[in-house]
Each structure stands twice: as C-alpha cells, then as structure tokens.
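So the chains spell out like this:
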Number of protein chains: 2
Amino acid sequence: MTDIAPQPMFQRLALIGAGLIGSSLAHIARREKLAGHIAVTSRSPATLKRVAELGFADSVHAEIGDAVAGADLVILCVPVGACGAVAEAMAPHLAPGAIVTDVGSVKQAVIRDVQPHIPAGVHFVPGHPIAGTEHSGPDSGFAELFNGRGLILTPIPGGDEAAVARLRAFWEAAGSTVTEMDAAHHDKVLAITSHLPHLIAYTIVGTAVDLEESTKNEVIKFSASGFRDFTRIAASDPVMWRDIFLNNREAVLEMLQRFSEDLTHLQRAIRWGEGDKLEDLFTRTRAIRRGVIAAKQA
Amino acid sequence: MTDIAPQPMFQRLALIGAGLIGSSLAHIARREKLAGHIAVTSRSPATLKRVAELGFADSVHAEIGDAVAGADLVILCVPVGACGAVAEAMAPHLAPGAIVTDVGSVKQAVIRDVQPHIPAGVHFVPGHPIAGTEHSGPDSGFAELFNGRGLILTPIPGGDEAAVARLRAFWEAAGSTVTEMDAAHHDKVLAITSHLPHLIAYTIVGTAVDLEESTKNEVIKFSASGFRDFTRIAASDPVMWRDIFLNNREAVLEMLQRFSEDLTHLQRAIRWGEGDKLEDLFTRTRAIRRGVIAAKQA
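Not measured: the values here are computed from a predicted model.

### So, the relation of the copies chain A and chain B
You can overlay chain A on chain B at an RMSD of 0.0 Å; the transform is a turn of 180 degrees with a shift of 0.0 Å along its axis. Between the two chains, the operation in question is that of a two-fold axis. Proximity to the rotation axis, assessed at the C-alpha, singles out Asp229 of chain A in chain A; its C-alpha lies 3.5 Å from the axis. The share of interface residues of chain A whose copies in chain B are also at the interface is 100%, consistent with both copies meeting through the same surface.

### What to know about unusual backbone geometry
All names here are of chain A. Residues other than glycine seldom take positive phi values, yet Lys33 does so here, at roughly 50 degrees. Structurally, the position occupied by Lys33 is in the loop between helix H1 (20-31) and strand E2 (35-41). The exposure class assigned to Lys33 is partly exposed, which follows from the 13 C-beta atoms found within 10 Å.

### Considerations on the interface of chain A and chain B
On the chain B side, the residues contacting the 78 residues of chain A number 78 residues. Of all the elements in the fold, those that place two or more residues in the side of chain A that touches chain B are helix H7 (183-209), helix H8 (213-221), helix H9 (227-233), helix H10 (238-247), helix H11 (249-271) and helix H12 (275-294) of chain A. A total of 19 residues in the side of chain A that touches chain B trace back to one element, the largest contributor, which is H7 of chain A.

### Observations regarding the nonpolar core
If you look at the biggest cluster of nonpolar residues, it comprises 200 residues, and the most contacted ones within it are Leu15 and Ile16 of chain A together with Leu13, Leu15 and Ile16 of chain B. Contact partners of Ile16 of chain B, with chain neighbours within four places excluded, come to Thr41, Ile64, Ala67, Val74, Ile75, Leu76, Cys77, Val78 and Val86 of chain B.

### As for the domain arrangement of chain A
For chain A, the assigned domains read domain 1 (10-181) and domain 2 (185-294). Here domain 1 of chain A and domain 2 of chain A have C-alpha centroids that lie 30 Å from each other.

### A word on the pairing of E2 of chain A
Residue and element names in this part refer to chain A. For E2, the tally of buried residues reaches 5 of 7 residues, placing the bulk of the element in the interior. One ladder, built from 6 bridges, connects strand E1 (residues 10-16) with E2; its direction is parallel. Residue pairing in the sheet places Ala14 in a bridge with Ala39 of E2. Handedness of the β-α-β unit built from E1, H1 and E2 comes out right-handed. Looking at chain direction, E2 and strand E3 (residues 59-61) are connected through 3 bridges and run parallel. Its bridge partner lying in E3, Val40 is registered against Val60. Handedness of the β-α-β unit built from E2, helix H2 (residues 45-54) and E3 comes out right-handed.

### Describing the packing of H10 of chain A against helix H12 (residues 275-294) of chain B
One can describe the packing of H10 of chain A onto H12 of chain B by two numbers: an axis separation of 9 Å at closest approach and a directional angle of 140 degrees. One way to sum up the angle between H10 of chain A and H12 of chain B is to call them oblique. As H10 of chain A runs across H12 of chain B, the sense of the crossing is right-handed. For the pair H10 of chain A and H12 of chain B, contact is made by Pro238, Val239, Trp241, Arg242, Phe245 and Leu246 of chain A and by Gly275, Leu278, Glu279, Phe282 and Thr283 of chain B, respectively.

The rules we used
- Residues numbered from 1 in each chain as written.
- Chains lettered and ligands numbered in written order.
- Predicted model: local features only at pLDDT ≥ 70, side-chain atom pairs only at ≥ 80, totals over all residues.
- Least-squares fit on C-alpha atoms with pLDDT ≥ 70 in both.
- Contact = placed C-beta atoms within 7 Å.
- Helix = DSSP H or I, 4+ residues; strand = E, 2+ residues; numbered from the N terminus.
- Buried ≥ 20, exposed ≤ 12 C-beta atoms within 10 Å, placed from the backbone.
- Core = buried A, V, L, I, M, F, W, Y, C linked by C-beta atoms within 7 Å.
- Domains from an automatic or database assignment.
- Pairing = 2+ DSSP bridges.
- Right-handed = clockwise from strand over helix to strand, strands pointing away.
- Axes fitted to C-alpha atoms, helices over the stretch in contact; angles between N-to-C directions.
- Parallel < 35°, antiparallel > 145°, perpendicular 65-115°, else oblique.
- Left-handed = near helix turned anticlockwise from the far one by under 90°.

The structure is reproduced here in structure tokens:
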C-alpha cells in the first residue's frame, strides 16, 4: 500500500506583498495545507529578507514574474493604489486558468485598475477579508487572523463561477465566513463601517497632537477614558489608508457628509442645552451595540 | 494578649448611587477594608433591592439622610447633573468633619452645584476616576475597576489639606494613581480624551442607525472593520453622558470646533486627491499611539 498524501487545494500560491494580510495568509495556508508551494514577492528588499528569515514561504522572489509563474492562485496583498501597477507587471507571467484575487478594502477602484490587465483565460475574483490589527509588516502575521471573520467576494458579472467557488473554499478553509455582494454596495458598507471610523480616529488623534505640549502629555496619561481606542485605530498603516480614502472617495465623502450633519445637530443640542435630544440618540445607539454582540462580532 | 483588628481607613463610607462606579467602590472598599461600614443609597427602589441581593453593602437606605448620617466619607456616584440636588438633600445630615467627594467627569460644574450646599466643617474634595466600562448598574461593578488607572483630584483652593490627603490615600488603596490639577484644566483635558471621543462615537453609530435597513444589517455583520470599537463606546450610560455634555459645554464645543476644522481639512484632501496630506497625518498619529503604549495605558 502506497502512502498517498492528500492533494493541497492549490498547487502554487503566489502572495504579492507580505504585510499583515500577506504573511497571515502564508501562515494559514501552510497550517491548513491549502497550497503545495507558497511563493512570496515584495518590492521591498528588506521585507523579502525578513520573509526569508521568518521561514513562512517556500520561495521568495524579487521579480513578480518569478513569483506568479506557474501559480494557480495569486493574491494581491498590497495597498489598493498599487494593485493596477502590480497587475500590469505580472500579467505576462500568469498561467492559463489561474485565479487572481486581492484583499483591498475598496472594490470598484481595484476592479477598474486590475481587470483590464487580466489575460483571457485567467480569472480575477475581487475579495476583501474583514480582519486586521493595527500592526503591519511580515512580523505581524498570524494564522488565526481570519478565523471567524467575514470575507467579502465581489465577483465580476459574467465571470467564471468555478473560480469563485474555488476561492470561496480557500477562504472558508482559512476560517472566514464568505459573503458575496456587488462591488458598489461593498464600497458603501465599508465606507461607514471602516473608512469613516478610521478617518475620524485619525482626525481626533491629530487634533490632540496639535494641542499645546502640556495638555498633550495629559492626553496620553488619561487616555483610558475613551481616547485610547481611537489611538489604536489611528496607528494603522498610513499608506494603506491613504490609498483607501483616495480610491473610495465618493462613498467616503457621502458618509462624511451625513456624519457632519449629525454632528452639527448634536453640537447645536449641546449649545442650547437640549438634553432630551442627546439622551434620545444615546439610547438608540445602545441598540446597535446589542446587535453587534448578537452577531458575535464583539 | 488581646487580638486587635486594624482600624479601617474610614468608619463609615456612604455611597450615593450604586451604578458601575458606586458598586465597584463598595467591592474594593470591602476587599481592602477601607471602611468599617458601607452604606448605600439610591433614588431607585429597584437598584436598592438589587444592592441588597448582591450583598456588597452593610446597609441600604431609601433616604439619603439615613445613608450619610455618621459617615466620615461620602462619595457621590450619580450623573453630574444630579450632584447639586443630592448635595442639597444630604447637607443637613452630614456629620462634622466628614469628607464629601464625587466621581463626575466634569469638575467645574460639579463644584458650582455642590460647594454652596456643603456645611461649614465638612470638606468637599472633587474627584474623578479615569476608569469605566460600557456597562452600568449595580451588577456591573468589580473591585479591580480602578486598579492601575488614574484618579484626578481637583481640590478647592483654600480647602482642607488633610482631607485631600486622606482622600488620596483612599484612592491609592483602591489601586489608583492620583493626580491633582485645577478644575478648569481637568475639564479641558477630559473634553479631548473622553467627552469628544464619546460624542463622535455616538454620532457615527447614530449615522449608521439612520441608514436604510438592508445596509444597517451589513453594518453590524461587518463591524469588525473598525465600527465595532465605536459601538462599544456608544453603549455607555445615556443619562450620564447627557449630563456630561450639558455640564462641560464650553470645553466640549471648543474641542469640537478644532476637530471639525481638522476633519474639513481631511475632507478637502480626499476630494482633491491630496494623498500626501493624508499620509502625513496618518504617520504623525502613529507616534501618539506609541506614547499611549509607553505610558502603559494600552
């Protein structure tokens, strides 16, 4: 009797970028045997060196073409603003039948930038894991990052359904709960759940940075009173977030306009001492927290 | 040889209100033997009944005068808007030499409302523990709430220094790190570290509440992307927070004005695609997070 090892889900996984998401994908793919070979590339020599030291890749490549050659799954783990150039650079080297996906927090702009470069016979299926921490770089990854978290796929209309199904199976094996939705709807939902909260956190921490020095030290000392949570969010990767705001401009500006109107409403209630308006809102928002807890997201 | 038990720090501690802070104070006072007797009062019969069931008080009182009679330490654990009425009601029953303090997140307004009712020979020392959770009510208290957290005293100029020292010792025994500062300065620091973050969290969760129903469900489902932290903050006690905003109006409105200007600046950068402005701010805010971590507040 011959000992036959089970076939991995993909023969060769190419990870473009090895930050928090890329390195976490390498960890979970190795642990769950989702790929026979894990190839990693990064445009940063320091990152490549560190990836080699950490040992979570089977091969590291300075040239993107060498990483994607022969890969049946390619995952772009770079800031959304870089996806177009990456797609263009790797396109000539993609294997027929390969699945290409990404992990960006904006989907319409990534589709606009990537899809035109995808050769016939290669399947681009945009994706977005709803998972992250405030840490970045190849040292920050861990296999459990996606466990129990959402993963949104925004398949391109008319695209290959088998490729979507295979990618769904990959993410489910990584622990994610997969949802499919329209790219425009994704960008709107993420604008309110993620992009606006980050923009506001960055803003308020920036407002505190600009206070006079004596007050600033006390802001840090007494941050446990609410500010602390905002500093964690505002410590996220600057380039990644710059790209998100530049590439989801319309949806972010629309949500920001709604938010500003609501904030002005509260500002006026404070100025005029209208306690009932404040209490009414504060009571309604409690219900949303109960929803979050019931949905096991807290 | 007679077995002499050590003297507790105070003979009788009267807690006015038994929410998160009041019940946590009862737990720590009992554990650390900070008071020979713990008396609790609340204007809510349901709360009093629950306090009796939970057993963390030595006596419960429907009448505030009965709770404070003979107490050498009285702590107001009620929303800041209620402090004036509470002070007026208990004043005739306060024992000579008693120390009265509070736990409110606003200090100038509490001094304005409470101090006029304090009889000669009784010492009012305003205080504020920088500690809390999003939970409220007598069941939410726990002895460790103040451990390692800040406690700000804003002594009234010309007041009794021995009373300040005794109160400082009480809070230090409860695990707090005590800082003294001017009441106006306190209100300004808390406006940016606590009041504005809460106002913004309430606002953004409210903005999400008002979205169409289909989007709202997805906001909850995908809240792990940043929104979740805001829902926790926006689940805090509505009446307590209403009172804070109404009673720290000037400082909150000033910080809100600064915040709005900064947000408009970012909004304009997004609209005009000025990525360098975004990246610059996002990089500066990371430094504040490092400060919070270095100060062991995260």
